[in-house]
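# A closer look at the structure
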Amino acid sequence: MRPIQLYNSLFENFGAQHWWPAANGKNRALEICIGAILTQNTSWKNVEKALAELHRHKMIDIGKISKCNSKKLAALIRSSGYHNQKAKTLKAFCSHLLKNCNGNLGGMLSRSIPELRAELLALHGIGNETADSIILYAAHKPAFVIDAYTKRIAGRLGISSEQNYEKLQGFFESRLEKNAQLFNEFHALLVQFGKEFCKKKPECGECFLNGKCNYYSSSG
Ligand code: SF4
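What counts and how
Residues numbered from 1 in each chain as written. Predicted model: local features only at pLDDT ≥ 70, side-chain atom pairs only at ≥ 80, totals over all residues. Heavy atoms only, no water. Domains from an automatic or database assignment. Contact = heavy atoms within 4.5 Å. Buried area = accessible area lost by both parts, 1.4 Å probe. Salt bridge = Lys/Arg side-chain N within 4 Å of Asp/Glu carboxyl O. Polar contact = N/O pair within 3.5 Å; in protein donor to acceptor, adjacent residues only side chain to side chain. Helix = DSSP H or I, 4+ residues; strand = E, 2+ residues; numbered from the N terminus. Core = buried A, V, L, I, M, F, W, Y, C linked by side-chain atoms within 4.5 Å. Buried < 20%, exposed > 50% of the residue type's maximum accessible area, 1.4 Å probe, protein only. Near = heavy atom within 4 Å. Nonpolar A, V, L, I, M, F, W, Y, C, P; charged D, E, K, R; others polar. Axes fitted to C-alpha atoms, helices over the stretch in contact; angles between N-to-C directions. Left-handed = near helix turned anticlockwise from the far one by under 90°.

## Quick notes on the domain arrangement of the chain
Looking at the assigned domains, one finds that the chain contains domain 1 (3–18 + 144–218) and domain 2 (28–138). With centres defined by C-alpha atoms, the gap from domain 1 to domain 2 works out at 26 Å. Counting residues at the interface gives 12 residues for domain 1, matched by 7 residues for domain 2. Of the roughly 790 Å² buried where domain 1 meets domain 2, counting both sides, 56% is carbon and sulfur surface. Broken down residue by residue, the surface that domain 1 buries against domain 2 is led by V145, Y165 and N184, which jointly contribute 50%. Scanning the region where domain 1 abuts domain 2 turns up 0 salt bridges. Inspection of the region where domain 1 meets domain 2 yields 4 residue pairs in polar contact (both at pLDDT 80 or more). Listing elements by their share of the side of domain 1 that touches domain 2, those giving two or more residues are helix 11 (165–175) and helix 12 (180–196). At 5 residues, helix 12 tops the list of elements feeding residues into the side of domain 1 that touches domain 2.

## A word on the nonpolar core
Most often, soluble globular proteins keep nonpolar side chains buried together rather than apart. In terms of nonpolar packing, the biggest core is built from 71 residues, with L54, F93 and F172 touching the most fellow members. If you tally residues by element for this core, the top one is helix 12, at 8 residues. If you count residues domain by domain, this core takes at least three from each of domain 1 (3–18 + 144–218) and domain 2 (28–138).

## Brief notes about the site of the ligand
Near the ligand, the surroundings consist of R156, L157, F193, F197, C198, P202, C204, C207, N210, C213, Y215 and Y216. Class assignment of the residues belonging to the shell around the ligand gives a composition of 10 nonpolar, 1 polar and 1 charged.

## A short note on the packing of helix 9 (residues 128–138) against helix 11
For any two helices packed against each other, the geometry is given by the interaxial angle and the distance between the axes. Packing of helix 9 against helix 11 leaves a shortest axis separation of 11 Å and a crossing angle of 35°. For the crossing formed where helix 9 meets helix 11, the hand is right-handed. In contact with N128, E129 and D132 of helix 9, helix 11 contributes Y165, E166 and Q169.

Here it is in structure tokens:
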């Protein structure tokens, strides 16, 4: 199965996912960046609780996060897990914006993908998946996000068994039109498929792709 065939099957079955989940209003881009940091190693439900707390305290604000006491910020985002580390990352992100971009997130997000990626990866606590989520969902630029669902689904369907982040990203990007809306939808659909069907313990009997799946055909 080719990546575009997988995309088409997922889209046919699930329809548009309208990601990024949540995030509206004037601070949408900042909220997406914050959400991308908070969602590391946790479910979106836990992130929603942390974002609600930040909203309640009017903390979706670069200056306020940057100045906020680390312990206080960690307490506000406690529900997202790893809250001390994530508070440090949020502060590093916002302090960087203030010091090096005059607090202008839009300016930073307007950089080219390689520049923006390098800038994000240099910040404390930001790895490949978080950087690419920010590039794709906050900057609306075509960076294909790889996560555990992508690796698992691609491996089981026989699309690619590559585990290295950049190599698997390159695999998908070289086989798809480099289009931010396509990448946006594809990643969201993979997450949906991974949650509903291709779980750690997969629901192969119910899965609409089981006729095309290496894992299923070899598991007898
Ligand atoms: S058949 Fe099973 S292993 Fe294959 S894609 Fe579907 S859920 Fe995943």
